[in-house]
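# Summary of structural features
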Amino acid sequence: MKKELLNKVLLSLFVIMAAFSFTSCGDDDETQNGWYVAVDTDQSSAKFNSNLYIQSAVNNQLQSMNNEFMKTMMSEGDAKKHFNAMCTELENKVNALELSVLDDTYCTVYLTHAIADPNGKSPVIASKKITFASKSE
């Protein structure tokens, strides 16, 4: 009787331990929406921060790009790939406007997710420096 009870207890413990050991803590390939790209003004050049035309062009392009990006379900890896493509497109579109730009004008954009931490900050997943070309005369 004692041996049978001991076997049942041990079997129960084994089942519980097995359940916890096979449970995943997280899935890196989990698809979700809420990805977006934002400008980090602290990491951008002073020339960018003082040029309202460039800031406006960047913000308009990001708003347009983010409208669809935020709704799209994708994994973090796919979001990073999309982010890199968005950065290239952003740089090309703003430079194509041929706005007046001083040398060494750049902004830093970052990929983040709508999930915020308790301090109200969204996690930075990736960042990239976007450099703006001087207007060709």
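Conventions and cut-offs
Residues numbered from 1 in each chain as written. Predicted model: local features only at pLDDT ≥ 70, side-chain atom pairs only at ≥ 80, totals over all residues. Heavy atoms only, no water. Helix = DSSP H or I, 4+ residues; strand = E, 2+ residues; numbered from the N terminus. Expected span 1.5 Å × (residues − 1). Buried < 20%, exposed > 50% of the residue type's maximum accessible area, 1.4 Å probe, protein only. Arc of directions from axis to C-beta. Contact = heavy atoms within 4.5 Å. Pairing = 2+ DSSP bridges. Axes fitted to C-alpha atoms, helices over the stretch in contact; angles between N-to-C directions. Core = buried A, V, L, I, M, F, W, Y, C linked by side-chain atoms within 4.5 Å. Polar contact = N/O pair within 3.5 Å; in protein donor to acceptor, adjacent residues only side chain to side chain. Phe/Tyr/Trp six-rings, centres within 6.5 Å; stacked < 30°, edge-to-face > 60°. Lys NZ or Arg CZ within 6 Å of the ring centre and 35° of its normal.

Relative to the 30 Å expected for 21 residues at 1.5 Å per residue, helix 4 (residues 76-96) spans 30 Å between its end C-alpha atoms, a close match to the ideal helical length. Buried residues of helix 4: Ala79, Phe83, Met86, Cys87, Leu90 and Val94, and no others. Projected down its long axis, helix 4 shows its buried positions confined to an angular sector of 110°, all on one face. In helix 4, those exposed residues whose orientation departs by more than 90 degrees from the buried face are Lys81 and Ala96. Structurally, helix 4 contributes buried residues whose contacts are with strand 1 (35-40), helix 3 (52-69), strand 2 (105-113) and strand 3 (124-132). Once helix 4 ends, the next one or two residues include Glu98, with phi positive near 50°.

With that out of the way, let us pick up the sheet that holds strand 1. With respect to topology, three strands assemble into an open sheet ordered 1-2-3, the strand pairing being antiparallel. The open sheet is flanked by strand 1 and strand 3, the only strands paired with a single partner. Averaged over all pairs of adjacent strands, the angle between strand axes in this sheet comes to 25°, irrespective of strand direction. As judged from the six bridges shared by strand 1 and strand 2, these two strands associate in the antiparallel manner. Across the sheet, the residue bridging to Val37 is Leu111, located in strand 2. Contacts between helix 4 and the sheet are confined to strand 1, strand 2 and strand 3, with strand 3 contributing the most and set at about 15° to the helix.

Judged by nonpolar contacts, the single largest core of 24 residues is most densely connected at Val58, Phe69, Leu90, Cys107, Val109 and Phe132. Elements that contribute at least two residues to this core include exactly strand 1, helix 3, helix 4, strand 2 and strand 3. Those residues in contact with Val109 that lie beyond four places of it in its chain are Val37, Ala38, Val39, Leu62, Phe83, Cys87, Leu90, Ala126, Ser127, Lys128 and Ile130.

For the rest of this paragraph, the subject is the side chain of Asn66. Summarising the element assignment, Asn66 is placed in helix 3. Accessibility expressed as a relative area gives 9% for Asn66, which makes it buried. A distance of 2.7 Å separates a polar atom in the side chain of Asn66 from the backbone oxygen of Val37. Not counting the four nearest positions on each side in its chain, Asn66 is found in contact with Tyr36, Val37 and Met86.

Before going further, it helps to spend a moment on the packing of aromatic side chains. Tallied over the full model, the rule gives one aromatic pair. Aromatic pair Phe48 and Phe132: ring centres 6.0 Å apart, planes at 15°, arrangement stacked. Of the two residues, Phe48 is situated in helix 2 (residues 46-50) and Phe132 in strand 3; the sequence distance between them amounts to 84 residues. Across the pair, exposure class does not vary: Phe48 and Phe132 are buried alike. Above the face of the Tyr106 ring, Lys129 is positioned so that its terminal group lies 4.1 Å from the ring centre.

Compared with the 26 Å implied by 1.5 Å per residue over 18 residues, the 25 Å span of helix 3 between its first and last C-alpha is a close match. Regarding helix 3, the residues found buried are Ile54, Gln55, Ala57, Val58, Gln61, Leu62, Met65, Asn66 and Phe69. All buried residues of helix 3 lie within an arc of 160° about the axis, which places them on one face of the element. Exposed residues on helix 3 whose side chains face more than 90 degrees from its buried face are Leu52, Tyr53 and Gln63.

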